[in-house]
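# Breakdown of the fold
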Amino acid sequence: MSARTLPLLFLNLGGEMLYILDQRLRAQSIPGDKARKVMNDIITTMFNKKFMEELFKPQELYSKKALRTVYDRLAHASIMRLNQASMDKLYDLMTMAFKYQVLLCPRPKDILLVTFNHLDAIKDFIRDAPGILNQVDETFRQLTETYSCLSAGEFQLIRQTLLIFFQDMHIRVSIFLKDKVQNSNGRFVLPISGPVPWGTEVPGLIRMFNHNGDEVKRTEFTTGGNYVLPQREGSFDLYGDRVLKLGTNMYSVSRPVETHMSGSSKNLASHAKENIVPNPLAKEELNFLARLLGGLEIQKPGGSETGFRLNLFTTDEEEENAALTRPEELSYKVINIEATQEPGRRAELSRIMGELEVAEPRPGSAGKGEELLALMDGL
Amino acid sequence: MAAATSGMYRKEKSIQLKSSSAALYNNLSVLPLPGRQLTCFSTVHGPSLSMVTADGLGFSHRQLQAKEGGMTVSTSLLTQAAWCVLPSRVLLVLTSQKGIQMYESDGSIMVYWHALDVTEHPPAQAVFARGIAAAGGRFICVGTSSGLVLVFDIPPKGTNIMVSEVLERHCDAITDIAAELGQAPDGAGDLVTADDAGTLCVWSTGEEFALLSKIPAFGCTCSSVKLWNGIVAAGYGNGQIRLYEATTGLLRAEVNAHARWIYALDLAPQTGKVWLAVLGHPTPAAHQPGVWQPADGQAGAASLPQHTALPPPRHPSGLPVPMASVPLPLQLLSGAEDSFVHVWKLSRNLDTDDVEVSLCSSSPQWGAWGRLVVLQGIAALWGHSTGAALSSVLSLW
């Protein structure tokens, strides 16, 4: 609904992806220089100027599948590879984390603070690479320019658009379960204590006025909640204390990345429908991807750099098992894109695909133009 | 200090919806059909509408895929659905990103489709319709994201529906529209419109609508609004409820009601029993609208009117009871993102004419697994003779 949602969605999901990758790179003891290269390459690609320009154009959100393709590309922007099962898990974790953050944002405008938390952390990842730092600061400026003049109502619309995007996703995440912010059916827990949002009063006061506008009576009430006033507002400046903890890195050595891949609730009707009904937006989505990916400049790995595979699971066996047992309803499979019919679009995609080099040659592919489609079909 | 308890209401069984409801304001509409001992309610999710019909014994579910201007599958999101009760007919109105659709009350036949003019909106602004109310016994008013309120003239039957007027007093997206549910005092308006900025406009309806008063914003979105006997009840994004005189726009009461954004309000006159409908959270088994029934022997329980338009209460003979005879006190329900449902008692001091507000009862909403849920919609039902009250618990999406 809101045409200003995509930059926030992309940057926050990207931020979560980097938190998870950083944690797994350490867990898998990838040598420091390789790990840093991966992080720098991905961040450089994410904040590419042309890419950001496309992102910030007012546009509707596309499907989860379309967005997933972008992250697939992004995760492979360097010498690192991920198998399907690990990529699925990565995407699940990213989306559930951001869904949680959106849901628990005290004010709709606080989504911006969540985004700034992610960007602050990203700047910390690349603190030794000042060139990329500029790109991230530039994105900060663009965010401020785009969002600082939006009203609370418009932010609420963005929030509602995001919640509709994430609706019916109820994957359980171990860290959330442990912290008791998610319950065992996958729903998030809503606290009824703590600070109220900035600009809201603690509930309890009723004031009544006469026809002259004078206050004539005041009463108080209590409810089951236990709220307090917040100490200060988070900073929306380039540097500052955001106050809000949502969007900061919740993973660490002692809190590793895990998910339970249990099937979500029985409410699969809408999910199943999404997979079966031919997507009338398929053409638009491909155009969107072409434009977005066209802006992605993928680094070609240098001759001396050898790639490696990152596993989101603790063992290879676990990863294989996860791939086999992933519930059907959680599959990101894409059904039949008809855009192959359009020769003009195929040529355009061929050109873009030609510019995107993947580390390993794809065996027996029919033509570059179909690689993007193949990529999506393989999801 | 008055402590509020939930002793006034007893939660009954829950009704499952087939899909969760979307995170949107006022996302619950109720149509009681007392003559047929049925109650229907509906909520939007994506491009479709979930409808549940309750007959006191069981529930039947339907899903209505909104059709947009002839396409068989809609790709735009619904923002709201409401039954509009007019003297001669009941229409089901759906608003979406593309426009406004009107169906016969069971959703079977589309009688009218109005596409929104995208060029009216500045580029990069979201385009959608939102805010639905029946007004003046003859019109259906629908708001748009550009701040316009479209007034549709509805004939007693048939599809010859026309836009009779466009009201242009709001500069921000319309959030909610409410018609006078009781009897407006002389000179008071019978329609109130609210917008994203928090501005409220009070109108008198008719061949030509007239703006009677404009209540200025104070920096918060007004997401839900109700009008009763010349009092405007408005729920805001900062959790406040404010009551205004409709004629003058004067603020009469201000309540720091909730810790989060208010999503829905509804009103009930204090005659007969109260049934509360609250749209709720999907639990692992299903999406559970919960049923609240007043505890037995409670004095002063009230019937809650339908969410958007009020069908007049009917005598057993079927004739409507005149609403004018129902004065304050009445009950106001509020629901917000903090998961609380509050029931407030509103009354008028006859000597001073001051409005008095107090909390009757309150409780956070719990999903079936003991977790708090977020309130999305509230609707009250007129004295339902079967005694089955309907409420749906709000969902945490």
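Residues numbered from 1 in each chain as written. Chains lettered and ligands numbered in written order. Predicted model: local features only at pLDDT ≥ 70, side-chain atom pairs only at ≥ 80, totals over all residues. Heavy atoms only, no water.

## What about the overall build of chain B?
Quick reminder of the rule: Helix numbering and strand numbering both begin at the N terminus, where a helix is a DSSP run of H or I of at least 4 residues and a strand a DSSP run of E of at least 2. Relative accessibility decides the category of a residue: with a 1.4 Å probe and only protein chains considered, values under 20% of the type maximum give buried, values over 50% give exposed, and everything between is partly exposed. The contact rule is simple, with two residues in contact once any of their heavy atoms fall within 4.5 Å. Using a 1.4 Å probe, accessible areas were evaluated by the Shrake-Rupley method; residue-level cover was limited to the displayed protein chains.
Within chain B, the regular secondary structure consists of zero helices and 29 strands. The buried share of chain B, taken over its 397 residues, is 65%. Considering only intrachain contacts with a sequence separation of at least 6, the fraction spanning at least 24 residues in chain B is 60%. Total accessible area on chain B stands at roughly 12,800 Å², and carbon and sulfur atoms take up 54% of it.

## Observations regarding the overall build of chain A
For chain A, the count of helices and strands is 14 helices and eight strands. Burial status across chain A gives 55% buried among its 379 residues. Total accessible area on chain A is roughly 16,200 Å²; 51% of this is exposed by carbon and sulfur atoms.

## What to know about the confidence of the model for chain A
Residue and element names in this part refer to chain A. What counts is decided by this rule: Per-residue confidence from the predictor is reported as pLDDT, a score between 0 and 100.
When pLDDT is averaged along chain A, the result is 78; 72% of the residues meet or exceed 70. Looking at the elements of chain A, mean pLDDT is at its lowest for helix α10 (residues 269–276), recorded as 39, and at its highest for helix α6 (residues 110–125), recorded as 95. Predicted confidence for residues 334–342 stays below pLDDT 50, and this span has 14 contacts to residues more than four positions away or in other chains.

## Concerning the pairing of strand β11 (residues 129–135) of chain B
Rule in force here: Following DSSP output, two strands are said to pair if at least two bridges run between them.
For β11(B), the tally of buried residues reaches seven of seven residues, placing the bulk of the element in the interior. Connecting β11(B) to the antiparallel partner strand β12 (residues 139–144) of chain B that follows it, the hairpin turn spans three residues, and B:G136 within it adopts a positive phi of roughly 60 degrees.

## Quick word on the pattern of salt bridges
Heads up, the condition is: When a carboxyl oxygen of Asp or Glu is within 4 Å of a side-chain nitrogen of Lys or Arg, the pair counts as a salt bridge.
Tallying each qualifying case throughout the model produces 28 salt bridges over all chains. Here A:E319 and A:R309 are joined by a salt bridge, their closest N and O atoms 2.8 Å apart. Of this pair, A:E319 sits in helix α12 (residues 316–325) while A:R309 is found in strand β8 (residues 308–310), placing the two residues 10 residues apart along the sequence. The closest approach of N and O atoms between B:D353 and B:R348, which form a salt bridge, is 3.8 Å. Connected through shared salt-bridge partners, A:R207, A:E215, A:R218, B:R242 and B:E254 make up one network.

## A look at the nonpolar core
Taken as a class, soluble globular proteins show a tendency for nonpolar side chains to be buried jointly. The line we're drawing: Only buried Ala, Val, Leu, Ile, Met, Phe, Trp, Tyr and Cys residues count toward a nonpolar core, and they belong to the same one when joined by side-chain atoms within 4.5 Å.
By size, the foremost hydrophobic cluster in this structure holds 85 residues, and its most contacted members are A:F10 and A:Y71. Ranked by the residues each element gives to this core, the list is headed by helix α5 (residues 84–104) of chain A, at 13 residues. Each residue touching A:F10, except ones within four places of it in the same chain, is listed here: A:M46, A:F51, A:M52, A:L55, A:V70, A:Y71 and A:L74. Counting residues in hydrophobic clusters, the runner-up holds 23 residues, among them B:A233, B:L267, B:L332 and B:V355.

## Some points on the packing of aromatic side chains
All names here are of chain A. Rules: In summary, the pairing rule links any two rings of Phe, Tyr or Trp, Trp by its six-membered ring, whose centres are within 6.5 Å, and it sorts them by plane angle into stacked for under 30 degrees, edge-to-face for over 60 and tilted for everything else.
By the definition in use, this model includes 16 aromatic pairs over all chains. Pairing F10 with Y71 gives two aromatic rings, centres 5.4 Å apart and planes at 20 degrees, and the pair type is stacked. Of this pair, F10 sits in helix α1 (residues 6–27) while Y71 is found in helix α4 (residues 64–75), placing the two residues 61 residues apart along the sequence. The exposure class assigned to F10 is buried, which follows from its relative accessible area of 1%. Note on F98 and F166: the rings are 5.8 Å apart at their centroids and 85 degrees apart in plane angle, and the pair reads as edge-to-face. Here the residue F98 occupies a position in helix α5, and F166 occupies one in helix α8 (residues 152–166), the gap between them amounting to 68 residues. You can call F98 buried: its relative accessible area is 1%. Each residue in the set F10, F51, Y71 and Y91 is aromatic and connected to the rest through ring pairs, giving one cluster.

## Regarding the packing of α1(A) against helix α7 (residues 130–147) of chain A
Axis angle and axis distance: for two packed helices, these are the angle between their axes and the distance between the axes, and together they describe the pair. Residue and element names in this part refer to chain A. Rules: Axis geometry follows a simple rule: fit a line to the C-alpha atoms, using only the stretch in contact for helices, then measure angles between N-to-C directions, giving values from 0 to 180 degrees. Working rule for handedness: look at the near helix, and if it is turned counterclockwise from the far one by less than a right angle, call the crossing left-handed; if clockwise, right-handed. In the scheme used here, Gly and all other residues not listed as nonpolar or charged are polar, with Ala, Val, Leu, Ile, Met, Phe, Trp, Tyr, Cys and Pro taken as nonpolar and Asp, Glu, Lys and Arg as charged.
Interaxial distance between α1 and α7 falls to 11 Å at its minimum, and their mutual angle equals 145 degrees. In the crossing of α1 with α7, the sense of the turn from one axis to the other is left-handed. Within the contact between the two elements, α1 uses P7, L8 and L11 and α7 uses T139, L143 and Y147. Class assignment for the residues of the contact of α1 with α7 results in five nonpolar, one polar and no charged.

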